[in-house]
Amino acid sequence: PILLVVAMTTLVVLAFAIPLAVLVRSRVYDDAMKSMTDESRDITSFLQSASSAPTNSEIQTYLDTLDRDRSASVQTADGQLLGTAPPGSVTDLPAVQRQPHGGPGSPDNDDPGAPQFQNSSWHGGQLIQQPVGTHDRGFYLVRVWASDDELHSGETKWWWLLIGASVGLLAVGVVAA
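Calculation criteria
- Residues numbered from 1 in each chain as written.
- Predicted model: local features only at pLDDT ≥ 70, side-chain atom pairs only at ≥ 80, totals over all residues.
- Heavy atoms only, no water.
- pLDDT = per-residue confidence, 0-100.
- Helix = DSSP H or I, 4+ residues; strand = E, 2+ residues; numbered from the N terminus.
- Contact = heavy atoms within 4.5 Å.
- Expected span 1.5 Å × (residues − 1).
- Buried < 20%, exposed > 50% of the residue type's maximum accessible area, 1.4 Å probe, protein only.
- Arc of directions from axis to C-beta.
- Axes fitted to C-alpha atoms, helices over the stretch in contact; angles between N-to-C directions.
- Parallel < 35°, antiparallel > 145°, perpendicular 65-115°, else oblique.
- Left-handed = near helix turned anticlockwise from the far one by under 90°.
- Nonpolar A, V, L, I, M, F, W, Y, C, P; charged D, E, K, R; others polar.
- Salt bridge = Lys/Arg side-chain N within 4 Å of Asp/Glu carboxyl O.

Asker: Looking at this structure, I do not really get the confidence of the model for the chain. What am I missing?
Answerer: When pLDDT drops low, the exact placement of atoms in the prediction is not to be read closely. When pLDDT is averaged along the chain, the result is 84, and 87% of the positions lie at 70 or above. Of all secondary-structure elements in the chain, the lowest mean pLDDT belongs to strand S3 (residues 118–121), at 85, while strand S1 (residues 71–75) reaches the highest, 93. Contacts from residues 100–112, a stretch scored under 50 in pLDDT, to residues over four places away or in other chains number 28 contacts.

Given below as structure tokens:
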């Protein structure tokens, strides 16, 4: 009878732990992607906040204050790259489509919506690119990249908690038997 109780408890624990482990992995990844998107939005807001576009040194200073676990960069209209470029060659990066009518902040803006994020897999991580129009400096291109390790970095503590709870449930089943 004890062996039967241990087997049944193990099955119940596995039925609970496996879907929860998948959920934890998905949730941690989604939270990290949201954080990258928020960082891209923050950079965009900074670029569009003043009545005139910030200088390259102001952009660089702002980028230096951001999270060091990711790379964040701004490519200016003249092609200058400020901040930390994503890995790989900048010339090989996926093409970015600008919004119709120039996007928010551009002189020919007919579309009041937010700039469109473009997300793609890039060199063992995820790359978010966002074109940003301004009144006086043309388009900027905001890029935020994080490695897959960074995107999944918060999982370990949750998995240890899940393993501990599973072992505890198994122990309760054995003691009860």
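Continuing now.
Asker: Sorry, what's going on with helix H4 (residues 155–176) here?
Answerer: For H4, spanning 22 residues, the distance from its first C-alpha to its last is 31 Å, which sits close to the expected 32 Å at 1.5 Å a residue. When we look at burial in H4, the residues that qualify are Glu155, Leu162, Ser166 and Gly173. Seen end-on, H4 carries its buried residues on one side only, within an arc spanning 35°. The outward face of H4, more than 90 degrees from its buried face, is lined by the exposed residues Lys157, Trp160, Leu161, Val167, Val172 and Val175. In this structure, the buried residues of H4 make contact with helix H1 (2–49).

Asker: Is there a simple way to think about the environment of Phe139 in this case?
Answerer: The topology assignment puts Phe139 in strand S5 (residues 138–147). On the accessibility criterion, Phe139 (16% relative accessible area) is buried. Spatially, the C-alpha atom of Phe139 lies 9.1 Å from that of Asp78, the residues being 61 residues apart in sequence.

Asker: Got a minute to help me understand the packing of H1 against H4 in this structure?
Answerer: Describing two packed helices takes the angle between their axes plus the distance from one axis to the other. The N-to-C vectors of H1 and H4 enclose an angle of 165°; their axes lie 10 Å apart at closest approach. In terms of their interaxial angle, H1 and H4 are classed as roughly antiparallel. For the pair H1 and H4, the crossing hand works out as right-handed. Contacts from Val5, Val6, Thr9, Thr10, Val13, Phe16, Ala17, Leu20, Ala21, Val24, Arg25 and Val28 of H1 reach H4 at Glu155, Trp158, Trp159, Leu162, Ser166, Leu169, Leu170, Gly173 and Val174. In terms of residue class, the contact of H1 with H4 is built from 15 nonpolar, four polar and two charged.

Asker: Is there a simple way to explain the pattern of salt bridges in this structure?
Answerer: Any two side chains of opposite charge can pair, on the condition that their charged atoms come close. Overall, the coordinates contain five salt bridges when judged by the stated rule. Put simply, Asp31 and Arg27 hold a salt bridge, and the shortest N to O gap is 3.2 Å. Here the residue Asp31 and the residue Arg27 both occupy positions in helix H1, the gap between them amounting to four residues, near one helical turn. The partly exposed category is assigned to Asp31, whose relative accessible area is 38%. A relative accessible area of 52% means that Arg27 is categorised as exposed. Between Glu39 and Arg70 there is a salt bridge; the shortest N-O distance is 2.9 Å. With Glu39 in helix H1 and Arg70 in the loop between helix H2 (56–64) and S1, this pair connects stretches of sequence that are 31 residues apart. Comparing Glu39 with Arg70, the two get one shared label, buried.

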